[in-house]
Amino acid sequence: MATERSTFLLDETQIPTQWYNLVPDLPAPPPPPLHPGTREPVGPDDLAPLFPMALIGQEVTGDQYVDIPGGVLDVYRIWRPSPLVRARRLEKLLDTPAKIFFKYEGVSPAGSHKPNTAVPQAFYNHEEGVRRLTTETGAGQWGTALAFATAQYGMECEVWQVRSSYDQKPARRTMMEVYGATLHPSPSDLTEAGRSVLAEHPDSTGSLGIAISEAVEAALQREDTRYALGSVLNHVLLHQTVIGQEALLQLEQAEAVPDVIVGCTGGGSNFAGLSFPFIREKLAGRMDPVIRCVEPAACPSLTRGEYRYDFGDTIGMTPLLKMHTLGHGFIPDSIHAGGLRYHGMAPLVSHVYELGLAEAEAIPQLECFQAALMFARTQGIVPAPEPTHAIAAAIREANRCKESGEEKTILTALCGHGHLDMSAYESYLHGSMQDLDFPEEELRAAMEAVPVV
Ligand SMILES: Cc1ncc(COP(=O)(O)O)c(C=O)c1O
């Protein structure tokens, strides 16, 4: 009896050996980051106190491909290539003619896509003699990934975790400590940035923007220390393209071509990692998928934010980035998808959106968790709160196919599992989770503080 294949696996030899850079393939280059003082494009010297030269080079490279060093591939081999799965049991539940594929990044040691960039970031810092990395984390996935990556190269790691996640997810804290990292809730009294927020809001639940300010400030204080960012910047998006490159090969195995690609967007890295290699194919005329970003209704930077220069952090220490922003002072509600609580969108994803190569929708959290339960009860994997947005969007699309009878192929990234996010599921199952209204007035106030460039 013929069996229907559900899982598409690659051999270890098929792990990509290069990262793909979308920039040279775009019809127009993205606007450069600006120095906050001079408002001139930033140069390598401006970034050198924060990042190693190899990463600064990748941030601005015009090369279409960047070789992945052997020392990174050695660590990638712990979990890559990751599986591509056809969600046949979910399709059956939905009674849809659509085919739903998900690229599963939860098989990484940290449980998400974040090690794809944490490992090269730690590697290049280590190569250049850096001994300690500081960073922020929202959901805790990024902090865990960097803690794992720094452990691979014998480095120290110090993490400022957004207060709301620090309180909601004690197991994440322990996991980072298992890898040897030092944790601080943010805002903390260890930095000027943290103290200034606490002076105004002693009960602040924190935000990624505040945690970034703290980690940047701490990195600048020591010569042997640099800062690592888990999303937003070009080099981070570049590293994530292993996801989409593998998915292209796996869809070939499945003899499928995507009609719709959906990815959740916090700072934009997993979305970019999945979709950029497909945008390359789209621009070359080899396929024509609709590509859609999915964001939380409570933090809708693409669908409600303005496209303009803003700071990447709350205090205003980073270069000015041209991006869709809700204002660097905007503190999103404490939704459970902590990794999607960021005021801005990656400049490169924002640019792709402006060019009309991707569209966006915002989904409220109750619908996302309803979708997550359908997914968990059919496919077995309990998703992290962030990709529940992508699953909800895939289900919306599959339901539309049911109505129209179209047999579309939908591709999404299940960019992390939710094993350490049970408090979010508990709150949904016990009825205490709510959809939060988007505070229009707070948005207006935050936008007033955005510099006019
Ligand atoms: C599992 C997971 N997915 C998605 C995100 C959002 O980040 P990005 O948009 O950079 O993928 C995060 C961020 O912490 C995350 O932990």
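Thresholds, definitions, all that
- Residues numbered from 1 in each chain as written.
- Predicted model: local features only at pLDDT ≥ 70, side-chain atom pairs only at ≥ 80, totals over all residues.
- Heavy atoms only, no water.
- Near = heavy atom within 4 Å.
- Polar contact = N/O pair within 3.5 Å; in protein donor to acceptor, adjacent residues only side chain to side chain.
- Areas by Shrake-Rupley, 256 points an atom, 1.4 Å probe, with all protein chains shown as cover.
- 1 Å grid on protein atoms, 1.4 Å probe; cavity = no way out; pocket = protein on both sides within 12 Å on 5 of 7 lines; lining within 4 Å.
- Points joined across faces, edges and corners; volume = space filled by probe spheres on them.
- Helix = DSSP H or I, 4+ residues; strand = E, 2+ residues; numbered from the N terminus.

Now for the site of the ligand. In the region of the ligand, 15 residues are neighbours, and S231, G266, G268, S269 and N270 sit closest. With respect to the ligand, the side chain of H113 contributes an N or O atom lying 3.0 Å from an oxygen atom. Between S231 and the ligand, the recorded distance is 2.5 Å, taken from a side-chain N or O atom to an oxygen atom. Expressed as a share of its isolated accessible area of 390 Å², the protein-covered part of the ligand is 97%.

Below, the discussion takes up empty space enclosed by the protein. A full pass over the atoms with the stated rule returns five cavities of 30 Å³ or more. By volume, the largest cavity is sized at about 350 Å³. What lines the largest cavity is a set of 30 residues, and nearest its centre among them are K114, W142, G230, S231 and G339. Secondary structure elements with two or more residues in the lining of the largest cavity: β6 (132-137), α6 (141-152), α10 (208-220) and α13 (269-283). In this structure, the second largest cavity occupies an estimated 60 Å³ of space. Lining the second largest cavity are Y20, N21, L22, Q58, T61, N234, L237, L238, T241, F276 and L348. No other element matches helix α11 (residues 234-239), which puts three residues into the lining of the second largest cavity.

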